[in-house]
Structure formats: C-alpha cells, structure tokens
Amino acid sequence: MTDQTALIPNPVAQAADRTNARKVFIKTYGCQMNVYDSVRMGDALASEGYVTTDTAEDADLVLLNTCHIREKAADKVYSALGRLRDMKKERNAEGRELMIGVTGCVAQAEGEEILRRSSAVDVVIGPQTYHRLPQALKRARQGERVVDTDYAVEDKFEHLPVPDKKVIRSRGVTSFLTVQEGCDKFCTFCVVPYTRGSEVSRPLAQILDEANKLVDAGVREITLLGQNVNAWHGTGLDGSSWGLGDLLYRLAEIPGLARLRYTTSHPRDMDDRLIEAHRDLRALMPYLHLPVQAGSDRVLKAMNRRHTAEEYVRLIERIRAARPDIALSGDFIVGFPGETDAEFEDTLKLVETVRYAQSFSFKYSTRPGTPGAELGSQVAEEVKAERLERLQALLLKQQLEFAESCVGKVIDILLEKPGRMPEQLIGRSPWLQSVNVDAKSSQIGDIISVRIVGTGPNSLFAERIER
Ligand code: 5AD
Ligand code: SF4
C-alpha cells in the first residue's frame, strides 16, 4: 500500500447534473485503496439519491476518507475539519444543511475521539462498515452522532450496489478492484494491521464478477488492490488453492481486458507462480511496486520485514530474469529508531544495486500503538530530513534516467484522457508513465503505438506511429 494518488486521477467526482438531488463531496486522502473505497461509497450513496460533486461548497454532505499511515496524514484531517466546522456554521445560519462524515483509517483508529475533538462531525465510519453509510446518515439526520467502526460480520462488498454501465464508463477506462484487505505482516512501524485489520481475501467468484462488469462497461485496464495484494489466496475454479498468480492468469482470459496491474506487494509473498505470470502474460504490465523500506539487515529485522537486503536483491534478479523490461518501484523509510549513518548508507547501496523507475520515500513517523513507537533511540528530525534529501536525490536521478532510457522506444500506450492541447491525448505507458501524444483519429480507451520523443518533469512526449 502506498501513496500513489498523485499518479492516478480521482475517479469519484462526476459532474452533478440532477439539480434537486442531494450532493456529496468525497475528499480522498492516502492510498489507492481509499480511492477505490471512495468510489464505492459514492455507489452506496447513489442508491439513496445522492450525486457526487467536486467541491465542498456545492455539497450537502462532505465525507473525508482519511489516511492514518503517518502523523502528518492524520493532522491534515483535523485541519480540514476545522475549516468544515466554519462552513457548517455559515450554512446553518442560512438554514441549510451540511452533514460531515469521517471515514477510512483515521475513523477506524480514533472513533469517538473524532466526535470529541470536532463538534461538527455527524458520522464516523470505518473502512469495513461504509456499506452502512445510508443508515448512519438517516440516524444522524434524526440528531444522533453515529460512530460505526465495528469489523462488520457481513461482507461489505455483498451489500454495495453495482453502478450501471454508463456510470462505470464515466469514471474512465482504467479501474481499481480491491481483491484483498488488511495485513498480517505487522511491520513494526505500520498501523495498517490495526486500522484495516487482519488479512482477508475476497472470493474468486466475486472478483471475476466485478472484473467482468467493469470490462463489459468499457474498462480496459484493471489494477488489483490490496494492502498486501500478493497475499491474496482463494479457492480456484478447479477446487485447488489459488494465489495471486493464478488469479492473474484467469483474469487475463477476459476478452477486452487489455491490461492488468496489482499493488502493493510484500517481498515474502512473491511466489514462483506470480513471477511466471510476469513471464507469460502479455496483459500483465511490466511494472512492480515492491517496497523494501531499508537496506540494512539490522533495520529490516527491527522493522520485522522478514527478509534481508540480499534476499530482496536476489528476488529482483529472479523477477528481472522472467521479465527483463520490468520497471521497479519501492517504498523507503529513513530514520527508523536506531538507524545509524552506516545503516542508512546501506539503503543507498541497495537503491544503487536495484535501480528504481519510481519510488515513495518517507521520514519515519512514530505511530502510537505500533511496536516502533516503544523503541528508544528515535532519530533526530534534522538527521531524518538530511537522509531523506540524499535518498530522494538518488531516487529522482534514477527515475529521470529511466525516463530518458525510454526515448526512441516504440511502445503501446492506453489512451486515458484528453490532454491540455486540442487533439492531444494523454496515455499511460506500460511502466505507468503519463504520455502526451497528438492522436486525432483515436479515442480514449484505444491502445496505440507511439515512439517516445522526449521527457518532461512528470511525463513523456510521443509521436504516433502506424504499425
Ligand atoms: N512512518 C513512515 N512511513 C511509513 N510507512 C508506513 N508506516 C510508516 C511510518 N510509521 C510507509 C511505508 C509503506 C508506505 C505505504 O508508507 O514505506 O510502505
Ligand atoms: Fe504495513 Fe508491513 Fe502490512 Fe505493508 S506489509 S501494510 S508496511 S504491516
């Protein structure tokens, strides 16, 4: 699981065209799982007559779908709630309603505390109970302040309405599909096992059904999501036990589904079948987000990552042998308690060895309730800042080198959205880069061949070629 929302357009906001309908604005923080959940919350509310809007000013209901992964992420929620409280006061003075809900991981972690700290909040709903949002809102409208953060006994996915084809297609030609939630790995810095609970895989039939519906509506690329997605397991069509590799082989058979991705993986769960899927499946894009967090074996052990730096590097070699053009992405934490200068240098060495095309790196942030928070020898803030700067400089250099290495290549891109210029479209490379191209006769959803002719700060430029 990682913060990659900057790379992916938020598919929730669709123009609200039914003027009398109640409007909901959903603000999404954090990882792709939250982006997916926000879409599904929109579905749950649509069946109650809500339409989505993309501004809080326009909304009758504002939901903050929150992230608790680092301290700053949670702080952002409380400052947003401060602004919403003022907005609610103004609205109420005009005799208009504004309801406010907090959902996601801060809701799960803080529950009642949110009501105490923020008088404007009407409902607090955890990640496992958002199918009950409509009922919670009804109760709130009768004056109750609702907290629903149980781990629901029923499966929320069974209770969420499926939108019709037009609505699915209006969200774009790429889609997320959650296949797994929660985590049993208990890395010592991480709140996920506490906020999202223990690892649960969605059943195969449910996943295939959702994937078929997406493709039927015109979706060309599906990204399978899970906090620990490659821990997915289920009973296969033949009754045997299946892992993520088997699931990918099956999904690749769906006619019309051109591209598959998955995120986020743990190195310990990269099994042979999954590596074979990278070798065999044309639809499986050559891009893998495989967090390592640190390069020192002592730090990895203290983080409870359950692998050494050497094992990670060997694993990458096996994956590259199976799929030589695969681009790698990683997550890194600097300044885990007790990390010495020499141990930090080990992270830089590992990055030099692996070479990443994309990355997400963070200063260690103490999370109450995690084992890391109990450790002495916290690293000073200035030291963390200086290490992060050095690490990010190296990672950025590698990212730019990777982009440069694409220039001159002929590749397929999936056209996703209009560009800034007329007749320009923005597509996605197999390696998840944005690609700008003049593509007059093509439309969104097409996969076209292009030659990469240049690089920009966050994207590539290409010219169309006929094959
Ligand atoms: N401090 C800093 N970064 C963290 N991450 C998770 N927990 C913390 C923390 N306490 C990072 C990890 C993870 C990514 C989603 O966020 O790198 O892979
Ligand atoms: Fe958190 Fe570790 Fe689980 Fe990833 S594998 S969600 S970092 S506990």
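Preceding block: the structure.
As the structure is a computational prediction, the values presented were derived from the model and not from experiment.

## Some words on the overall build of the chain
Tallying secondary structure elements over the chain gives 16 helices and 21 strands in all. Its C-alpha atoms give the chain a radius of gyration of 22 Å, within 12% of the compact-globule value 23 Å for 467 residues. Counting only C-alpha atoms and orienting by the principal axes, one finds that the chain spans roughly 65 × 60 × 50 Å. When each of the 467 residues of the chain is scored for burial, the buried share is 58%. Sequence-distant contacts, at least 24 apart, represent 72% of the contacts inside the chain between residues at least 6 apart. Accessible surface, the chain: about 20,200 Å² in total, of which carbon and sulfur atoms supply 50%. Charge-centre separation for the chain: the mean point of 62 positive side chains lies 2 Å from the mean point of 67 negative side chains.

## Points about helix 14 (residues 341-354)
When the terminal C-alpha atoms of helix 14 are compared, their 20 Å separation across 14 residues agrees well with the 20 Å that a helix rising 1.5 Å per residue should span. Taken as a whole, helix 14 has its buried residues at Glu343, Phe344, Thr347, Leu348, Leu350, Val351 and Val354. Looking down the long axis of helix 14, one finds its buried residues gathered within 160 degrees of arc, a one-sided arrangement. Structural note: helix 14 exposes Asp341, Ala342 and Lys349 on the side pointing more than 90 degrees away from its buried face. Of the surrounding elements, those touching the buried residues of helix 14 are helix 12 (297-302), helix 13 (309-322), strand 15 (327-334) and helix 16 (381-406). Of the residues flanking the end of helix 14, it is arginine 355, one or two places downstream, whose phi is positive at about 65 degrees.

## What about the pairing of strand 4 (residues 99-103)?
Within strand 4, five of the five residues are buried, which leaves it mostly tucked inside the rest of the structure. Burial of strand 4 is two-sided: the residues Met99, Gly101 and Thr103 facing one way and the residues Ile100 and Val102 facing the other way are all buried. As paired strands, strand 3 (residues 61-66) and strand 4 are joined by five bridges and run parallel to one another. Residue pairing in the sheet places leucine 63 in a bridge with glycine 101 of strand 4. Handedness of the crossover joining strand 3 and strand 4 through helix 2 (residues 71-93): right-handed.

## So, the sheet that holds strand 13 (residues 259-263)
Read from one edge of the open sheet, three strands run 7-10-13, paired in parallel fashion. The two strands at the open ends of the sheet, each matched to only one other strand, are strand 7 (174-178) and strand 13. Direction aside, neighbouring strands of the sheet carry axes that sit 25 degrees apart on average. Relative to strand 13, strand 10 (residues 221-225) runs parallel, the two being bridged by five bridges. Paired with isoleucine 222 across the strands is leucine 260, a residue of strand 13. Most of the contacts of helix 1 (residues 32-46) go to strand 7, to which it runs at about 95 degrees, and overall it touches strand 7, strand 10 and strand 13.

## Some words on the packing of aromatic side chains
Per the counting criterion, the structure on display carries five aromatic pairs. Between tyrosine 36 and phenylalanine 157, the ring centres sit 6.5 Å apart and the planes meet at 55 degrees, which makes this aromatic pair tilted. Of this pair, tyrosine 36 sits in helix 1 while phenylalanine 157 sits in helix 6 (residues 156-159); the two residues are 121 residues apart in sequence, bridging distant segments of the chain. Assigned by exposure class, tyrosine 36 and phenylalanine 157 land together as buried. With 5.9 Å between their ring centres and 85 degrees between their planes, phenylalanine 402 and tryptophan 431 make a pair best called edge-to-face. Separated by 29 residues along the polypeptide, phenylalanine 402 in helix 16 and tryptophan 431 in the loop between strand 18 (424-428) and strand 19 (434-438) bring together distant segments of the chain.

## A short note on a positive patch on the surface
A cluster of like positive charges, contributed by Lys27, Lys72, Lys76 and Arg83, occupies part of the molecular surface. Looking at the positive patch, the element that brings in the most residues is helix 2, giving three residues. By the element assignment, arginine 83 lies in helix 2. The exposed category is assigned to arginine 83, whose relative accessible area is 56%.

Reading guide: rules and limits
Residues numbered from 1 in each chain as written. Chains lettered and ligands numbered in written order. Predicted model: local features only at pLDDT ≥ 70, side-chain atom pairs only at ≥ 80, totals over all residues. Heavy atoms only, no water. Helix = DSSP H or I, 4+ residues; strand = E, 2+ residues; numbered from the N terminus. Rg over C-alpha atoms; globule rule 2.2 N^0.38 Å. Buried < 20%, exposed > 50% of the residue type's maximum accessible area, 1.4 Å probe, protein only. Contact = heavy atoms within 4.5 Å. Areas by Shrake-Rupley, 256 points an atom, 1.4 Å probe, with all protein chains shown as cover. Lys, Arg positive; Asp, Glu negative; His and termini not counted. Charge placed at Lys NZ, Arg CZ, Asp CG, Glu CD. Expected span 1.5 Å × (residues − 1). Arc of directions from axis to C-beta. Pairing = 2+ DSSP bridges. Right-handed = clockwise from strand over helix to strand, strands pointing away. Axes fitted to C-alpha atoms, helices over the stretch in contact; angles between N-to-C directions. Phe/Tyr/Trp six-rings, centres within 6.5 Å; stacked < 30°, edge-to-face > 60°. Patch = residues over 30% accessible without salt bridge, like charges linked within 9 Å, V, L, I, M, F, W, Y side chains within 5 Å. Salt bridge = Lys/Arg side-chain N within 4 Å of Asp/Glu carboxyl O.

The values are spatial; any link to function lies outside them.
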